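# Examining the three-dimensional arrangement
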Amino acid sequence: MKKRIPWLAGLLCEQVLASPPQVVLNASPSRADRKLHGRFLHITDIHPDPYYVEGASQSSQCHRKESGEDDQRAGYYGAPFGSVKVLPFVLTQTCFCSICDSPWTLTNFTFEHLEEYWSSEIDFVIWTGDNVRHDEDREIPRKLDEIFAVNRAVAKKMEDVFLRKGIPVVPSLGNNDVWRKFLYLSLLWQISQESSLALTAHASGFYLDDPFVFLTFTTTEYFISSIWDAFIPSASKTSFRKGAYYAIEVIPNALAAISLSTMYFYHNNNAVRGCLFGDTSDPGNLQFDWLEEQLEMFRSRQMQVWVTGHVPPSEHHYYPECYYRYAELSLRYQDVILGSLFGHLNVDHFYFVEAADLDVSPEENRIPSHSFEGTIFETLMADFEALVKRSKDLNYDDYAVVSVSPSFRVFSYNISGLGSMTVGAVGEDEYFLLTKKDRASRWKHLPYRHGNDGNDNRQCMDAGYRDSWRCKLRPWRPDSHAPSRQNTLWTPLGYAQYYIPELDHEPKFKLEYLTFPISNLYIADEPVPLRNLPKSLREGGVTKSELAPYGLLDLTIRSWLDLACKLGKPREKKLRKQFKKYMYMGGKDI
């Protein structure tokens, strides 16, 4: 009998402790004397491909030179979008490309750029997964050792460029960072046949006869022990082992990031049960229970949170009941959550989680937000046009923002008023403590709103809805003065999006666009370091630029809704054209 992956059986036998419901998390590995900049980096979907071959055909995923092909060949730094006659689906770090992933030359170039221009300018890094090539080439199927080796190589770069300088890095597991579904089943069968292990035993609250949960369990054990160990604080490692989700205080006692394992919500994962109400052992429900506990704990400490992950939340990507739980928590903790940052789609856009998504009106009468009818751009414009029709009656309590990045961008956030400008001193800063005290006092007097006003008891008695999370909504207290609603301490102010317009032998990163008004670039705190702006924007006096089409004063929920309503007006043809160009980085619609 062949010998098969003995370390998996060993991992199964390890004792795993349940994560405490509420813990004061250790701060992420960082230096307390680091200067606070009020900026952070979001990077996603790096997809380096060790089999990429310069000069290869795009139709071979840039793995082989095929005769008779007239498409653009793979370049030294990548394969720009060409004439290949298939639907493009891959976005490398910097440009909307063909069906090819990134060569290591592009990955290395990107990290060299980030180290030189950004590693001394940011406070933390949000890294939302997919660090391995897509498994689309049947002649070179991905194997386990490749998945781990490439993840390890990318993690090493993150550690060298950021973590060694004391900058916290918050990674998330992408769908391409684990095995494919057919391997879940076959590998589990092999182990059960050859080791006679009792796979119905409990571990971390999960039944190990669930193939995806079992494999994620063993995969995360490997990640925690050898690849991501340096990134995860010790107090977070038990929850990470439980399912690859955890929280990090990126600024101790002030600002945290929660990294979700979206594979437990993802509708393409047939091994999970979809967060059904009452299914207390479903891994999606267990993660949402944990998320609720973390958000409640951070609220009690008057901290603010970024929620991050790989697959963005929507009724299109998540199991319906998983999406309802995500939407409900996003709205109930709107006062705690600054925003939600995701990747996966390789398309630059934003959209809203809405209270209306929790209605229990008949399905044929419901139009789910972000339902993906047509291209993503067409869907967004339809959603935004619907917002315009009810713009006079918009209730900001009813919305949360989801931001989807295609590559890397740098966010700026409000740190004005702080007297202490080192990371370690923020927790004792006088202004910060007064702000926390004011928020705690205000919270006590906020009125409750009982879940979603659209769901009455009669509707929820219907057999089709009474066991849905939509009929189990908890009361919440909207706070119009929260940092997600009003520009105050920790409020996100905007971001700068970068890309490489041409992948020639001397590529250069350039600013694609800004969300800020031009005038905000020259204030004392500098949302974007002047050296990282094009020459046309470095000197004061500039009042208008195509690089700053939105002019958003901040990234509060109101500002995002104002932009959506503006885009929702068909007469805004120029703005829509610019938005669409940024969505696809000049590529075709998907």
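Just above sits the structure.
This report concerns the structure included in the present document. (Residues numbered from 1 in each chain as written. Predicted model: local features only at pLDDT ≥ 70, side-chain atom pairs only at ≥ 80, totals over all residues. Heavy atoms only, no water.)

### Side note on the overall build of the protein chain
A tally of regular secondary structure across the protein chain gives 14 helices and 16 strands. When contacts within the protein chain are restricted to residue pairs at least 6 apart in sequence, long-range pairs at least 24 apart make up 75% of them. (Helix = DSSP H or I, 4+ residues; strand = E, 2+ residues; numbered from the N terminus. Contact = heavy atoms within 4.5 Å.)

### Some thoughts on the pairing of strand S2 (residues 124-127)
What you see with S2 is no split at all: Phe-124 and Ile-126 on one side and Val-125 and Trp-127 on the other are buried throughout. The sheet contact formed by S2 and strand S3 (residues 169-171) spans three bridges and is parallel. Directly across from Val-125, in S3, lies its bridge partner Val-169. Each parallel crossover has a hand, and the one from S2 via helix H3 (residues 144-161) to S3 is right-handed. (Buried < 20%, exposed > 50% of the residue type's maximum accessible area, 1.4 Å probe, protein only. Pairing = 2+ DSSP bridges. Right-handed = clockwise from strand over helix to strand, strands pointing away.)

### Remarks on helix H9 (residues 376-389)
With 14 residues, H9 extends 20 Å from end C-alpha to end C-alpha; this agrees with the ideal 20 Å at 1.5 Å per step. Residues of H9 that are buried: Ile-376, Phe-377, Thr-379, Leu-380, Met-381, Asp-383, Phe-384 and Leu-387. (Expected span 1.5 Å × (residues − 1).)

### Side note on unusual backbone geometry
One non-glycine residue with positive phi stands out, namely Gln-61, at about 60°. Mapped onto the elements, Gln-61 comes out in the loop between strand S1 (39-43) and helix H2 (104-117). Unusually for a residue other than glycine, Asn-346 sits at a positive phi of about 60°. When you line up the elements, Asn-346 lands in the loop between strand S9 (337-342) and strand S10 (349-354). Using a relative accessible area of 4% as the deciding quantity, one classes Asn-346 as buried.

### Focus on the environment of Thr-308
You can see Thr-308 is positioned in strand S8 (residues 304-308). Distance from Thr-308 to Ala-247, taken between C-alpha atoms, is 9.9 Å for residues 61 residues apart in sequence.

### Topic: the state of the cysteines
In this structure the tally under the stated criterion is three disulfides. Two residues share a disulfide in this structure: Cys-460 and Cys-471, whose sulfurs sit 2.0 Å from each other. Negative torsions about the S-S bond denote left-handed disulfides, and the value of about -85° found for Cys-460 with Cys-471 makes this one left-handed. Residue Cys-460 is found in helix H11 (residues 457-460), and its partner Cys-471 is found in the loop between H11 and strand S14 (475-476); the two are separated by eleven residues along the sequence. (Disulfide = S-S within 2.5 Å.)

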